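Descriptive analysis of the structure
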Amino acid sequence: MALIPRFGRKTVESPPDIAAAALRSDRFRLEREGDWKRLETIVSRMESGRLRKLSDDDVIALPALYRTAASSLAVARETTLDAATLAYLEGLVQRAWFQVYGPRTSFLGWLRRFLGGGWSASVRAIGPDILIALAAMIAGTIVGWLLVSSDVQWYHALVPGEYGGERAPGASVEALRGTLFDKPEGASGLSAFAAYLFSNNAQVSILAFSLGFAFGVPSILLLIHNMALLGAMLWLYHDAGLLVDFIAWLSVHGTTELFAILLAGGAGIHIGRSMAFPGNRSILSAAAESGRRAAQVMSGVIIMLMIAAVLEGFARQLVTDTGSRFIIGGFMLAVWLAYFLLVGRRLPPARGES
Amino acid sequence: MATASSYLAAQARRRRELITPEGLSLSLTVAGRGARFGALMIDYIIINVILIVLTGFLLYLAFGVIGLDRVSDPESAFQSLEFLAVVWLIAMFVFRYAYFLYFEIGPRGATWGKRMLGIRIAARDGGRLTAEAVIARNLLRDIELFLPLVMIAGAQSGDSGLAGMAAAAWFAVFMLFPFFNKDTLRAGDLIAGTWVVEAPRRRLAQTMSVSEAARGTSQATGAKYHFGEAELSVYGEYELQTLERVLRDNQPESIVTVAETICAKIGWSAGQGDERAFLEAYYTQLRARLERDMRFGKRKADKNS
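Residues numbered from 1 in each chain as written. Chains lettered and ligands numbered in written order. Predicted model: local features only at pLDDT ≥ 70, side-chain atom pairs only at ≥ 80, totals over all residues. Heavy atoms only, no water.

1. Quick look at the overall build of chain A
To keep it simple, the criterion reads: In DSSP terms, a helix is any run of H or I states spanning at least four residues, a strand is any run of E spanning at least two, and both are numbered starting from the N terminus. Relative accessibility thresholds used throughout: buried, under 20% of the residue-type maximum; exposed, over 50%; partly exposed, between the two (1.4 Å probe, protein chains only). Note on definitions: a residue-residue contact is assigned when non-hydrogen atoms from the two residues lie within 4.5 Å. In short, Shrake-Rupley with a 1.4 Å probe defines the accessible areas, and a residue's cover is counted only from the protein chains shown.
Looking only at helices and strands, chain A has 14 helices and zero strands in total. Traced from its N-terminal end to its C-terminal end, chain A shows the element sequence α-α-α-α-α-α-α-α-α-α-α-α-α-α. Within chain A, the fraction of its 354 residues that count as buried is 50%. Excluding contacts between residues fewer than 6 apart, the proportion of contacts in chain A whose partners are at least 24 apart in sequence is 78%. Summed over its atoms, the accessible surface of chain A is roughly 16,600 Å², and 64% of this surface lies on carbon and sulfur atoms.

2. Structural notes on the overall build of chain B
Secondary structure assignment for chain B yields 12 helices and four strands. The buried share among the 305 residues of chain B stands at 47%. Within chain B, contacts between residues separated by at least 24 positions form 67% of all contacts whose residues are at least 6 apart in sequence. Of the roughly 15,400 Å² that chain B leaves accessible, carbon and sulfur atoms contribute 64%.

3. Overview of the confidence of the model for chain A
All names here are of chain A. What counts, and what does not: Predictor confidence is given residue by residue as pLDDT, running from a minimum of 0 to a maximum of 100.
Overall, the predicted model of chain A reaches an average pLDDT of 80, with 84% of residues at or above 70. Least confident of the elements in chain A is helix α1 (residues 9-13), whose mean pLDDT is 45; most confident is helix α6 (residues 127-150), at 91. In the predicted structure, residues 350-354 sits below a pLDDT of 50 and forms eight contacts with residues beyond four places in sequence or in another chain.

4. A short note on helix α4 (residues 83-100) of chain A
Note the threshold: Each residue after the first adds 1.5 Å to the expected span of a helix.
Taking 1.5 Å as the rise per residue, α4 of chain A with 18 residues should run 26 Å; its terminal C-alpha atoms sit 25 Å apart, in good agreement. In terms of residue burial, α4 of chain A counts as a mostly covered element, since 16 of its 18 residues are buried.

5. Quick word on the nonpolar core
Rules: Put simply, a nonpolar core is a bunch of buried Ala, Val, Leu, Ile, Met, Phe, Trp, Tyr and Cys residues held in one set by side-chain atoms that sit within 4.5 Å of each other.
In this structure, F213, L263 and F340 of chain A are the most contacted members of the largest nonpolar core, which totals 89 residues. Ranked by residue count, the leading element in this core is helix α12 (residues 243-276) of chain A, at 14 residues. Sequence-distant contacts of F213 of chain A, that is, excluding residues within four places in its chain, are made with I271 and M275 of chain A together with L140, F174, F177, A187, L190 and I191 of chain B. Formed by 32 residues, the second largest nonpolar core is a distinct cluster that contains W36, L62, L73 and F98 of chain A.

6. Focus on the packing of aromatic side chains
All names here are of chain B. Defined as follows: Stacked, tilted and edge-to-face pairs are distinguished by plane angle, under 30 degrees for stacked and over 60 for edge-to-face with tilted covering the rest, among Phe, Tyr and Trp rings (Trp via its six-membered ring) whose centres lie within 6.5 Å.
Applying the stated criterion across every chain, the model contains 21 aromatic pairs over all chains. A ring pair is formed by Y99 and F103, whose centres lie 5.3 Å apart and whose planes are at 70°; its orientation type is edge-to-face. A residue pair is termed a helical-turn pair when its members lie 3 or 4 positions apart in one helix, as Y99 and F103 do in helix α3 (residues 74-105) at four residues. The residues Y99 and F103 share a single accessibility class, namely buried.

7. Overview of the environment of M233 of chain A
Structurally, the position occupied by M233 of chain A is in helix α11 (residues 217-239). On a C-alpha basis, the gap between M233 of chain A and W145 of chain A in space is 7.9 Å, while along the polypeptide they are 88 residues apart.

What follows is the structure, encoded as C-alpha cells:
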C-alpha cells in the first residue's frame with residue numbers, strides 16, 4: 001500500500017478506505033475528499049472558460065460544495081497537522097471563492113451596460129472635474145495665443161517642428177490656405193495616418209489620466225501645454241485672416257478629439273482631487289472608488305479617439321468646404337453632449353461603483 | 001533553523017485574512033515582488049515575441065508575396081504597404097493594452113506570466129473584481145514603467161539637464177512604489193483597489209496514515225514500531241511538517257538520513273533497509289500525539305518550544 005505512486009490515478013479513482021486510516025484527522029479528510037474533488041473539477045472548468053461543459057447539477061451544487069469545503073477548512077485548521085491537505089484546501093477554497101464571487105458578466109454584457117448608460121453616468125459623476133479640465137484647456141489656449149502674439153519666437157517653442165510643417169510664422173497666406181483646403185494626392189495614406197493618430201492621441205490621453213495620480217497637478221499642466229499649442233496655431237491662422245476656416249477644418253475631428261482629451265484630463269483630476277480630499281473615507285478606498293469611475297470614463301475616451309481618428313483621416317481630408325466641415329463637427333458635438341447629458345439617467349448605479 | 005524560521009516569518013508577514021460574505025475567514029498570501037517582476041518579464045517576452053513574429057510576417061507579405069521591391073506600379077504598391085502599416089500600428093496598440101485587459105478580466109484574473117508563477121489579481125475589499133478596476137490598473141502601467149525607463153535613459157545623456165533628472169526621479173518613485181508599502185501595491189493597484197495574491201493550484205496529496213506501516217507494522221520486516229511518550233515529546237509541528245515533506249518526496253537518500261537523525265535523537269536503533277516504514281510509523285504516532293494535544297488547546301511549534 002505504501003508503495004502506491006503518490007499522485008497516481010488509482011488513488012484518485014478508488015473509493016477511499018476510510019477505516020484504514022490510523023489518524024482521526026485523516027478519516028475526517030477521507031470522508032470529505034470526494035466533495036472536494038468534485039468542487040475542484042467544477043472550478044477548473046470555470047477557470048478555463050468552458051462554462052458550457054458544466055451540467056445544471058454542477059452549477060446548482062457549486063455554492064453548497066464551496067461552503068462545505070470552506071467549513072472543512074475551518075475544521076481542518078483546528079484539528080489536522082497534515083500540511084499538504086491544509087495547503088490543498090486553502091487553495092481550493094480560494095479558487096472556488098474567486099469563481100463564486102467572480103465577474104458575472106461576459107464582455108458583451110459589460111459593453112451593453114457600458115454604452116447603455118454606465119459610461120454617461122460616470123462622465124456625469126465627474127462633472128466638476130471636467131469643468132476644471134475645461135478651464136485649464138481654455139486658459140491654455142488663451143496663454144498660447146497671448147504668448148505668440150507678444151513674441152513670435154514663442155511659436156517655435158510651443159509647436160514642435162514635426163507638427164508645424166508649412167504652418168510657421170512667415171508662411172504665405174496661400175501656403176496656409178493650402179494646408180486647409182488642398183486635397184492630398186489621391187486618397188492613399190489616409191488610413192495609415194488615422195491609425196497612427198489614434199495610437200498617438202490614445203497615449204496622450206492615457207498620460208493625462210495617469211498623471212492625475214499626483215493630485216491632478218500634472219494633468220492640468222499637460223492640458224495647458226497641449227492647448228497652448230492650439231492657441232499658437234489659432235493666432236497664426238488669425239494673422240492670415242483664415243481663423244474661421246481653420247476652426248472649421250479643426251472641428252471635423254476636433255469636437256470629438258478635444259472632448260475626449262477633456263474627459264481624460266477630467267478623469268485624472270477626479271482621481272487627484274479625491275486623493276487630496278478623501279472626506280470621510282480612507283485615502284486608499286477613495287482612490288480605488290474614483291479610480292474605477294475614472295477608468296470607465298477612460299474606456300469611453302478610447303472609443304471617442306477611434307472615432308476622431310476616422311474623422312480626421314477621412315472626413316476632414318475629403319470634405320473641403322468650410323460650411324460642411326462645421327456641420328460635421330457641430331453634429332458630432334451635439335451627439336456627444338446629448339449622449340452624456342441624456343442617456344442612462346434612470347439606470348440604477350452600478351454595483352461595482354458603490 | 002534560523003533561515004527556516006525567518007522564511008516562515010516572511011511567509012506569515014504576507015498572509016492576510018479576508019472575511020467572505022458568509023463570514024468565513026479566507027487566508028490570502030500577497031504575492032512577492034520577485035514573482036510579480038518575473039510575471040511581468042514573461043508577459044513582455046510573450047508580447048514582444050508575438051510582435052516580432054507579426055512584424056516578420058508582414059515584411060514577408062510585403063516583399064515575398066506582394067513583391068513590393070519589384071512591382072512596377074507605385075500606386076498599388078503604396079496601397080498594399082499602407083494596409084500592412086495599419087495592421088502593424090493597430091497590433092502594436094492592441095498588444096500593449098488588450099493583452100493584459102483580456103486575461104485579467106477573465107476567470108483566472110491573471111496573464112500567462114502570472115499564471116506560470118501562480119499569482120493573480122483580486123479586489124482588495126473582497127468583492128468582485130470589476131472590469132473597470134482591471135482597466136484602471138493597466139492604464140497606469142504606462143507612467144509606472146515606460147515613462148521612467150525612457151526618462152532615466154534620457155537623463156543620463158544629460159541634454160535635458162537638471163529638469164530631466166528631476167523628472168526621472170519623480171517617475172522613479174512610481175517604479176519603486178511597491179517597495180514602500182506592505183502589500184507591495186503599485187500605483188495602478190492603489191487606484192484600482194486591487195492587489196496581487198498567490199493563487200496556488202495544488203493537487204490533493206496522498207493520505208499519510210492509510211498504510212500498514214503507519215499503523216506501526218513494517219510490511220518488509222514485520223517489525224513493530226511503537227514509540228513511547230519520551231520519544232514522541234522530542235519534536236514539534238515544524239519537524240512534523242519537515243518529515244511529511246521528506247516522506248512525500250520519497251527520495252531514498254534523504255529518508256535514510258532523516259531516519260538516522262531521528263534514531264540518534266530519540267536513542268532508538270531501527271534496522272537497515274526499513275527506514276521508510278520506521279519514518280511512517282514515527283510520523284503517524286507523532287502527528288496523533290500533536291493533534292490530540294491540539295484538540296486540548298496545547299500546541300508545540302517546534303523542538304525548542
